[in-house]
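Topology and contacts: notes
Listed below are the residues making up each chain.
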Amino acid sequence: MLRRISAFLICSALSFNSYSTTDIEQLAQHPTWLKLGHYKSAGDLESYVISDDFFLSPSGKDDPYLELQATINAFNSRPEKQCRYPARYQWLKQQGLKFKQPSSSCADLTQWRESQPIHSVSLVFASGYMSNPASLYGHMLLKLNRATESHNKLLDYSINYGAIVPDNENGLVYISKGLFGGYVAGFSDQLFYRHQHNYGEVELRDLWEYELNLTADEVRLISNHIWELMGAKYTYYFADENCAFHIAKVIELVAGDKLTNELSPWVIPATIFSKLAEAEHNDQPLVRDIKFTPSRSSAFYQYQQQLNDQENAFAKRIFKNANLLKGTEFKSLNIQAQKKIIEVLFEFIQLQQLKQYEPEYISALKKALVRARLKLPVGNEIKVENYQQSAPHKAQKPSNYSVSALDVGSKAQSNLGFRLSYFDSLASDIARVPYSNLEMLDVEIAVRDSNMYVDKLHILDLESFNPAYTDWVNEGGWSWQLNLGFERDRTNCQGCKSTFAMGGAGKSMLFNNDHSLVYGMVNGYFGELASTAQVIDASIEIGVISDIYQDIKMRAAIERFHHKQMAELSKNVELVVPLNQDADIRLIYKSSEQTLWQLKLNYYWN
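A short tour of the structure in this document, coming up. (Residues numbered from 1 in each chain as written. Predicted model: local features only at pLDDT ≥ 70, side-chain atom pairs only at ≥ 80, totals over all residues. Heavy atoms only, no water.)

1. Examining the overall build of the protein
Where we set the bar: What counts as a helix is a DSSP run of H or I of at least four residues, what counts as a strand is a run of E of at least two, and both are numbered from the N terminus. Any residue under 20% of the maximum accessible area for its type is buried, any over 50% is exposed, and the rest in between are partly exposed; the area is computed with a 1.4 Å probe on protein chains only. Contacts: residue pairs with any heavy atoms within 4.5 Å of one another. Here the open area of atoms and residues is found with the Shrake-Rupley method and a 1.4 Å probe, where only the protein chains shown may cover a residue. Positive: Lys, Arg. Negative: Asp, Glu. His and the chain ends are not part of the count. Every charge is mapped to an atom, namely NZ of Lys, CZ of Arg, CG of Asp or CD of Glu.
Per the secondary structure count, the protein includes 17 helices and 23 strands. Burial statistics for the protein: of 606 residues in total, 52% are counted as buried. Intrachain contacts of the protein at a sequence separation of at least 6 include 61% that bridge at least 24 residues. Accessible area for the protein stands at about 28000 Å²; split by element, carbon and sulfur atoms hold 53% of it. The distance from the centre of the 60 positive side-chain charges to the centre of the 69 negative ones in the protein is 5 Å.

2. Section: the environment of Ser 103
For clarity, the cut-off: In the analysis that follows, any N or O atom pair within 3.5 Å is treated as a polar contact, provided that within protein one partner can donate a hydrogen and the other can accept it, and provided that, for residues neighboring in sequence, both atoms belong to side chains.
Relative to the elements of secondary structure, Ser 103 occurs in the loop between helix 6 (86-94) and helix 7 (107-114). In this structure the C-alpha to C-alpha distance between Ser 103 and Gly 524, which are 421 residues apart in sequence, comes to 68 Å. Leave out the neighbours within four places in its chain, and Ser 103 touches Gln 82 and Tyr 89. At 3.1 Å, the side chain of Ser 103 and the side chain of Tyr 89 are in polar contact.

3. Observations regarding the sheet that holds strand 3 (residues 120-126)
Cut-off, in case you're wondering: One requirement defines pairing of two strands: DSSP has to find at least two bridges between them. Note on definitions: angles span 0 to 180 degrees between N-to-C directions of axes, and those axes are lines fitted to C-alpha atoms, for helices only across the stretch in contact.
Strand order in the open sheet formed by 7 strands is 8-6-5-4-3-7-11, and the pairing between neighbours is antiparallel. The open sheet has two free edges, formed respectively by strand 8 (233-236) and strand 11 (287-293), since each of these has just one partner strand. Across this sheet, the average inter-strand angle for adjacent strands is 30°, counted without regard to direction. Pairing analysis gives 3 bridges linking strand 4 (residues 139-145) to strand 5 (residues 157-163), with the strands arranged antiparallel. Bridging across to strand 5, Leu 142 finds its partner in Ile 159. Sitting on the sheet, helix 8 (residues 171-179) is in contact with strand 6 (183-191) and strand 8, with an inclination near 105° to strand 6. Lying over the sheet, helix 10 (residues 216-229) contacts strand 3, strand 4, strand 5, strand 6 and strand 8, oriented at roughly 60° with respect to strand 3.

4. Overview of the pairing of strand 19 (residues 534-549)
With 12 bridges joining them, strand 18 (residues 516-529) and strand 19 adopt antiparallel strand pairing. Looking at strand 19, one finds that Phe 526 is bridged to Ile 536. Across 10 bridges, strand 19 lies against strand 20 (residues 552-561) in antiparallel orientation. Of the residues in strand 20, the one forming a bridge with Ile 545 is Arg 555. Connecting strand 19 to the antiparallel partner strand 20 that follows it, the hairpin turn spans 2 residues, and Gln 550 within it adopts a positive phi of roughly 55°.

Structure below.
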C-alpha cells in the first residue's frame, strides 16, 4: 500500500501526465535501471556497490524501487543531482519522464566529457605479467576515446577497476585476501598514457584494444555512468567479481547481458574478450575494430629482426663500445645500414633504461647515438607496421575437461579431469607469456579396478622460463617454478602418493629460431614424499620444450632426486596435437621404476 502511495506522489510530481503508477513500478524492474544501480539480478536485488553515498535512498542498496523514487524526487527538487547522476537522468528522460527542474549545465561534468569530446568506447586487454600475482591472468581496462587527427590517443580516458591494496603487500596475502573478499575496490580514471606506460614500458606487457560498435547515445550513457561510479566502492573478489566482471557489467548497460551471462563461477579477462568477439549488437558485431600496441620489448624484437647478421653483430659491438660509431668501419657501411643500426640501438637502450641497467653507461651511449644520428639524413629507415601477435579472443579457452586412458605397469585405468584455469607450457602462446605455465585447481579422478579416487590435485602450478629472445646483453632472467598439491606417482610404486610444496629456480636458453627451449632447474620439495620416504628432498631437472610442426608441441624432461641416487631417473615426455581452439589430444610417457602411458583428450571452454 505504501508503495502505491509513493508511486502516486511521484507521478503527481512529474509533469508528464501519461505516466501511471504501474509504469513507475515496471520502470524500477527495467534491466537498464537495475544495471544503473548495479543490482545483481532481477531475482537478487542486492547491489554490488557497498558505499552508502552511491544511493539516494537509505534502502537503495537492495530496493531498486525506493532508489528510483528517491532519484525522481531528487531530480524534481535538487537540480544539482542531475550532475551527480547524469546516466540516470539521461535514461529516465529517454523513458519519457519530465521533471520540474530545468536541465542543469553541470560545468565539471561537461568539462570532463566535452573538453575533447568522447566519441567511442574500447575495452583493452593487457597480457599477463608473471611477476605480479594480481596480473597473472592479464588485465582489462575500459577506454573512453577522445582522439582525433590533432588529439593523440594517449590523452584518452583510461578507466581501471581494481582492489585498493596497501603498498608492498605480500603476494600470498594478496591472493588469499583477494579470494575471500578482503579488499575494497573501485573505479578510477587516468589519461591512457599512464596505463600504456605502466603496462607497455615498465611491465613490458602487450596491449590489444577492442573498439566497440556503439551509437552516440550509448557512448554518452556509458560516459555518464562512469562519472557516477567514481568513488563508488565494491568488495573485491579475485576469482569472479574482478576487473573483467565489473567492466563488462558497465558495457552491458547498453549491450545487454552478452558478456556475463552463463559465466562459470570464475571470471578472467580472456573469457570476456572471447565473448566480446562473438557478440552482436544492433544486428552488427559488437566489436568494430581491434588494434595492437606492442610493449617496449616486443617493439625491440621486431626492430632487431630488420637487421641482417652483419648489422646485428655490429650493433652489439657498438652497445659495448660506443667509440665504434666514430670509426671508419661503421662509416664505411651504407647510409641505410647506419640508420638501421642506430634505430635498433635506440630501441634497445630505452629497454635497458626501463630495466635500470648501468644508467650512467646507457646515458653516455644515448648521447653518442644522438651525435651519430645527427650526421645522417633525416627520416627513419625501419618502419614496423604489422606485428604477428594474434588477438586474445583467438587463444585457447582457459578451463578444461579431460578424459584419458592409462596403462601403468601393465594395469589399465581411466581418468576424468578438470582444470579451473588457465594454460600450460604446451598451450597456444596467443596473448600469453610464451614458455610459461599458469594452472589453478587441476584435478584428475582415477577409475581403476571398480574403484574411484583422486589421482592428482594441483592447487597452484606456476612456471616462468623467462628466456632471452636475443643474444644481446641483459636479456632473459631466472627461470622459476612453484607447485602446491597432491598426486599419486605410480611410476615409482603402485601405492606412492605425495602431498607437497615444490619450488625451483634455474636458467633457460632458446634455440631452433626461438621454436625450442632447453632449461635446467634445481628444485626443492617439502611434504609427504612417499616415493623417497622423506619430508624434504631436492632434485636436478633438465628439459626441453619445442614446436615440432606447426602447432604440435612436445616437452621432455629428466629429473634426478637427491634421495634416489641409485634409482632410475624420472623421465617425462608429453606431446600435444591441437584439434581446434577448443580441443587437443595429448600422449604422455612417464618412467622411473615403472612405465606409464597416457592418452588424453582435452576440451577447453569459457
